[in-house]
Amino acid sequence: MCLGEALAQRWSQLTPEQQSILAPLKEDWPNIEPPHRKKWVEVTSRYPTMTPEQQERLQTRMRQWSALSPEERAQVRERYRMLQEMPPERRDEIRRKWQEYDNLTEEEKDSLRQAHPRSPPPKP
Amino acid sequence: MNEQDFARSVTRHLDAGLDDLPPSVLYRLRAARDAALARTLERQGLQGGADEGTSGRHGMIVGRRLLAPVAMLLLLAVGMLLWQQQTRHVGPAGHADFADVDTEVLTDDLPVVAYLDPGFEIWLYHHSPATAED
């Protein structure tokens, strides 16, 4: 065990409130690296200041995040960085396009997914 | 006659009388000298033993002197380790580390699935004036 891991907070060391907020990450917690754990603990301190919608969104995102493989997480991080490097108007457009895409029916989305050259089998 | 002249006069009289000392006095002087030498040698012997005793303390002092730089190196190594721990996740473009990105991604307007959904990528390519970057 490296020193950083020794200094990292174990799940049992979190307060009940922190455990409740970070519940979607509980199974993944031992695999989360110490700097990441620290950031998540910081998120719990901001959590009470979030609106109920923001809190619900964060819970959903954490559940989605914990279900991703390490490769998928690396891909998300890389694309997020690329998005941050784009001009603000382009970022706004991508967000707007996501809203449009999200409003499509599942059949329409599946049709688009099938059209992707590197499309993996659709997830259930 | 000043003080120095008086001292020279006394020394001259004493030196002149040395050759005329009786054998009994010479014997007592030699015995006193031998005794004084013996005491001196004995004291030096004790000092030598004491020196051997202090060599342990000396070793400890040398040990402490060696320990200080070793401790400094150890602290330096621990510092480097912690620094690496904190910085090894920094991205190539100098962005915030992975931990920052993770929390930002999960609190951003765009959901996580948007970055992985191939259907959205196609939607961007074919329904957007600008080409999505891959």
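Residues numbered from 1 in each chain as written. Chains lettered and ligands numbered in written order. Predicted model: local features only at pLDDT ≥ 70, side-chain atom pairs only at ≥ 80, totals over all residues.

Lay out the overall build of chain A with the relevant residues and their values.
The helix and strand inventory of chain A stands at seven helices and zero strands. Residues counted as buried form 13% of the 124 residues belonging to chain A. Residue pairs in contact within chain A that sit at least 24 positions apart in sequence constitute 50% of those at least 6 positions apart. (Helix = DSSP H or I, 4+ residues; strand = E, 2+ residues; numbered from the N terminus. Buried ≥ 20, exposed ≤ 12 C-beta atoms within 10 Å, placed from the backbone. Contact = placed C-beta atoms within 7 Å.)

Lay out the overall build of chain B in plain terms, naming residues and giving numbers.
Of regular secondary structure, chain B possesses four helices and zero strands. Its helices and strands taken in sequence order, chain B reads α-α-α-α from the N to the C terminus. The buried share of chain B, taken over its 134 residues, is 11%.

Account for the nonpolar core, naming residues and giving values.
By size, the foremost hydrophobic cluster in this structure holds 18 residues, and its most contacted members are B:Val105, B:Leu106, B:Val112 and B:Trp123. Those elements that provide at least two residues to this core are helix H4 (52-67) of chain A together with helix H3 (98-107) and helix H4 (118-126) of chain B. Not counting chain neighbours up to four residues away, the residues in contact with B:Val112 comprise A:Arg61, A:Gln64, A:Trp65, A:Val76, B:Val105 and B:Leu106. (Core = buried A, V, L, I, M, F, W, Y, C linked by C-beta atoms within 7 Å.)

Can you break down the confidence of the model for chain B residue by residue, with the values?
Where the model shows low pLDDT, its predicted coordinates should not be examined in detail. All names here are of chain B. Per-residue pLDDT for chain B averages 72, and the proportion of residues at 70 or more is 65%. Within chain B, the lowest mean pLDDT, 73, falls on helix H2 (residues 23-87), and the highest, 85, falls on H4. A low-confidence stretch, residues 88-96 stays under pLDDT 50, and its non-local contacts, those more than four residues away or across chains, total 10 contacts. Below a pLDDT of 50 lies the segment residues 130-134, which in the model reaches six contacts outside its immediate sequence neighbourhood of four places, other chains included. (pLDDT = per-residue confidence, 0-100.)

Could you give an account of the confidence of the model for chain A, naming the residues involved and the relevant values?
Residue and element names in this part refer to chain A. Confidence in the prediction for chain A averages 84 pLDDT; 89% of positions are at 70 or higher. Mean pLDDT across the elements of chain A ranges from a minimum in helix H1 (residues 3-7), with 49, to a maximum in helix H2 (residues 16-21), with 94. Confidence drops under pLDDT 50 across residues 1-6; counting only partners more than four residues distant or on other chains, this segment forms seven contacts.

Break down the packing of helix H6 (residues 88-102) of chain A against H4(B) for me, with residues and values.
Packing of H6(A) against H4(B) leaves a shortest axis separation of 10 Å and a crossing angle of 115°. Along this stretch, H6(A) crosses H4(B), giving a crossing that reads as right-handed. Two secondary-structure elements touch here, H6(A) through A:Ile94, A:Lys97, A:Trp98 and A:Tyr101 and H4(B) through B:Phe120, B:Trp123 and B:Leu124. Taken together, the residues of the contact of H6(A) with H4(B) break down into six nonpolar, no polar and one charged. (Axes fitted to C-alpha atoms, helices over the stretch in contact; angles between N-to-C directions. Left-handed = near helix turned anticlockwise from the far one by under 90°. Nonpolar A, V, L, I, M, F, W, Y, C, P; charged D, E, K, R; others polar.)

So, H4(B): which residues are in play, and what are the values?
By the burial criterion, the buried members of H4(B) are B:Gly119, B:Phe120, B:Glu121, B:Ile122 and B:Trp123. If you follow the buried residues of H4(B), they end up packed against H6 and helix H7 (106-115) of chain A.

Account for the packing of H7(A) against H4(B), with residues named and values stated.
Interaxial distance between H7(A) and H4(B) falls to 7 Å at its minimum, and their mutual angle equals 85°. Between H7(A) and H4(B), the interaxial angle falls into the category roughly perpendicular. Judged by residue contacts, A:Lys109, A:Leu112, A:Arg113 and A:Ala115 of H7(A) engage B:Pro118, B:Gly119, B:Ile122 and B:Trp123 from H4(B). Per-class residue counts for the contact of H7(A) with H4(B) are five nonpolar, one polar and two charged. (Parallel < 35°, antiparallel > 145°, perpendicular 65-115°, else oblique.)

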